[in-house]
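# Tertiary structure, described
Spelled out, the chains give:
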Amino acid sequence: RRPRPSAANMSAEDVVRAKAQGKGARHSGFERVLQRIQDKDPTLTELDFCSNYIGDEGVIALCQAVETNPHIVCLKLDGNRITQRGGEAIGRMIMANPPSLRLLSLCENLLGPSIGTLAVGLQSNTALEDLNLSKCWIGASGASVIADALRVNSTLKALNLAWNGLQRDGIATLAFALTENETLEKLNIRGNRIKEAPLTGLINTLTMHPNIQSLSLEDNQLRSATVRALAIWLSTPGCKLEFLNLENTGLGTRDCRMLADALRINRTLRTINLTDNDLGVDSLRALAKARVLNDALVHIILEDDSSHWSSKEQEWVDIIQKRTSEIQTAQATAAFAEAYEEAIGRIIELEDEVQDLRTRVESLELLERAQTLGRSPAGSVVSRLSVGSRTPSVAHSATPSRIGSAATHLATHRRGQSEHTTYI
């Protein structure tokens, strides 16, 4: 557990992020933050209660406060010993549709049957974009109700179902639901003991999904059919995948060669993680060749420990890393040049604005001077003198001698500035 400051550090000056200090719903730090939520403090937008053991009692009070709060954007409740009662309160909060809540993290809580209430709330929610249910052990039945929600929900963009024991049936129902969903962009199904057939079906479904950009499959044992489906997806012109995590998925030489062939074609993927796989010389050679041909791929993540590789394997790893460094440098240089040009353009715009303001100030000074010089002893004054392109005029009741004097002075004052012509 990460260390935390004492409750005495909690104060009204703790804006934007509030962390409950200590343990339990009755702790003064929690109660102080809860009061600020109930008071709708506009400076309080992120709540991080991770590993504070506030339990069901604390979660119920917290959810009731968040339901009507228009400012809370992020709520993290990881590791708080939340069970069915707390989970049902969370479901009711989601159903209430807090207008600003975008991220909800419930990692490492035993929600039990309450996952059904949460899923029902998700069907009608129109604000939540990121939901983390990792290590909640919802099982295949939990995956089924979440899948039902995905068929209806049109705002959720990121879903984390890692370490939930989804297994065959859970993945199958999820794959079927995604055929009707078009908004999900990130999916994490790490460590779910998935067998080959349902996982291959999921990949085939994602191939037709219009928006999936990130997929995490680590700690699942992939077979050749699944890797082949991945390679086909990466080779498809409509593929939008940018991040792919295949750490510890049992990839062999044949699998890596299929992926390397796809990476020669793909131009959307930015990062692929291949750590903890049995790559070998042939795999690394194929990846190195793909690395040279693909400038869009920014990161190929491999083991950092050089002792992991043989001398021949290290040669290919060095080629991959060298090319990766070159691409990253080129992209950084291009980004700097673009930012520099944008800054120069903005400076020019500001100079033009400053010049325009200077011209306006000079014009106003001229008007004031003209009015002062054009005032007659009888009280007749210059009635109107416009700025810019409009033609100024004065009252005809001013004496001829004073009008002539004013005209002579103005002509002398503005000599050489032909853009402003004053008519008296």
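Turning our attention to the overall build of the chain. Tallying secondary structure elements over the chain gives 12 helices and 11 strands in all. Looking at the chain residue by residue over its 424 residues, the buried ones come to 44%. Partitioning the intrachain contacts of the chain with sequence separation of at least 6 by distance along the chain shows that 79% fall at a separation of at least 24. Per element, the accessible surface of the chain, about 21,200 Å² overall, is 52% carbon and sulfur.

Moving on, we come to the pattern of salt bridges. Here the structure, examined in full by the defined rule, presents 12 salt bridges. The shortest N-O distance in the salt bridge between Arg102 and Glu129 comes to 3.8 Å. Separated by 27 residues along the polypeptide, Arg102 in the loop between α3 (84–96) and β4 (103–105) and Glu129 in the loop between α4 (115–124) and β5 (130–132) bring together distant segments of the chain. Judged by relative accessible area, Arg102 falls into the partly exposed class, the value being 30%. Look at Glu129 and you get partly exposed, because its relative accessible area is 29%. As a salt-bridge pair, Arg360 and Asp356 come within 3.1 Å of each other at their nearest N and O atoms. You can see Arg360 and its partner Asp356 sitting in helix α11 (residues 311–373), 4 residues apart, about one turn around the helix. A single network of salt bridges, built from pairs that share partners, joins Asp148, Arg151 and Glu180.

A separate point is the packing of aromatic side chains. As enumerated under the stated definition, the model contains 2 aromatic pairs in all. Taken together, a centroid distance of 6.5 Å and an interplanar angle of 25° make the contact between Phe336 and Tyr340 stacked. Taken together, the residues span about one helical turn, with Phe336 and Tyr340 both in helix α11 at a distance of 4 residues. Summarising the burial analysis for this pair, Phe336 and Tyr340 share the class exposed. Sitting above the plane of the Tyr53 ring, Arg81 keeps its charged end 4.1 Å from the centroid.

Interhelical geometry of helix α2 (residues 55–67) versus α3 gives an angle of 5° and a closest axis separation of 8 Å. Compared by their axis directions, α2 and α3 come out roughly parallel. Between α2, through Asp56, Val59, Ile60, Cys63, Val66 and Glu67, and α3, the contact on the second element is made entirely by Arg85, Gly86, Ala89, Ile90, Arg92, Met93 and Ala96.

Turning to α2, a few remarks are in order. Here α2 spans 18 Å end to end across 13 residues, near enough to the 18 Å set by a 1.5 Å rise per residue. Among all positions of α2, only Gly55, Asp56, Gly58, Val59, Ile60, Leu62, Cys63, Ala65 and Val66 are buried.

A word on the packing of helix α9 (residues 253–265) against helix α10 (residues 280–293). At a minimum axis distance of 8 Å, the contact between α9 and α10 shows a crossing angle of 5°. The orientation of α9 relative to α10 falls into the category roughly parallel. Where α9 approaches α10, its residues Thr253, Cys256, Arg257, Ala260, Leu263 and Arg264 are matched on the opposing element by Asp282, Ser283, Ala286, Leu287, Lys289, Ala290 and Leu293. Residue classes in the contact of α9 with α10 are distributed as 7 nonpolar, 2 polar and 4 charged.

In this structure, Tyr53 is a non-glycine residue whose phi angle is positive, near 55°. Among the secondary structure elements, Tyr53 is positioned in the loop between β2 (44–48) and α2. Residue classification places Tyr53 among the partly exposed residues on the basis of a relative accessible area of 26%.

Let us now look at α3. One full turn of an α-helix is made of 3.6 residues, so residues set three or four places apart face in the same direction. Over its 13 residues, α3 runs 18 Å from end to end, which matches the ideal 18 Å to within 8%, given 1.5 Å per residue. Buried residues along α3 sit against α2, β3 (74–76), β4 and α4. Just downstream of α3 lies Asn97, where phi reads positive at about 60°.

Within the fold, Ser216 resides in strand β8 (residues 214–216). By relative accessible area, which is 8% here, Ser216 ends up buried. Look past the residues within four positions of Ser216 in its chain and what remains in contact with it is Leu187, Asn188, Ile189, Arg190, Phe243 and Asn245.

A separate point is the confidence of the model for the chain. Of the residues in the chain, 82% reach a pLDDT of 70 or more, and the chain-wide mean stands at 84. In this model, residues 378–404 is a region of pLDDT below 50 whose contacts with residues beyond four sequence positions or in other chains number 45 contacts. Every residue in residues 416–424 is under pLDDT 50, and counting partners more than four places away or in other chains gives 15 contacts.

This part takes up the pairing of β2. Across 3 bridges, β2 lies against β3 in parallel orientation. In the strand pairing of β3, Leu47 is matched with Leu75. Each parallel crossover has a hand, and the one from β2 via α2 to β3 is right-handed.

Scoring rules and cut-offs
- Residues numbered from 1 in each chain as written.
- Predicted model: local features only at pLDDT ≥ 70, side-chain atom pairs only at ≥ 80, totals over all residues.
- Heavy atoms only, no water.
- Helix = DSSP H or I, 4+ residues; strand = E, 2+ residues; numbered from the N terminus.
- Buried < 20%, exposed > 50% of the residue type's maximum accessible area, 1.4 Å probe, protein only.
- Contact = heavy atoms within 4.5 Å.
- Areas by Shrake-Rupley, 256 points an atom, 1.4 Å probe, with all protein chains shown as cover.
- Salt bridge = Lys/Arg side-chain N within 4 Å of Asp/Glu carboxyl O.
- Phe/Tyr/Trp six-rings, centres within 6.5 Å; stacked < 30°, edge-to-face > 60°.
- Lys NZ or Arg CZ within 6 Å of the ring centre and 35° of its normal.
- Axes fitted to C-alpha atoms, helices over the stretch in contact; angles between N-to-C directions.
- Parallel < 35°, antiparallel > 145°, perpendicular 65-115°, else oblique.
- Expected span 1.5 Å × (residues − 1).
- Nonpolar A, V, L, I, M, F, W, Y, C, P; charged D, E, K, R; others polar.
- pLDDT = per-residue confidence, 0-100.
- Pairing = 2+ DSSP bridges.
- Right-handed = clockwise from strand over helix to strand, strands pointing away.

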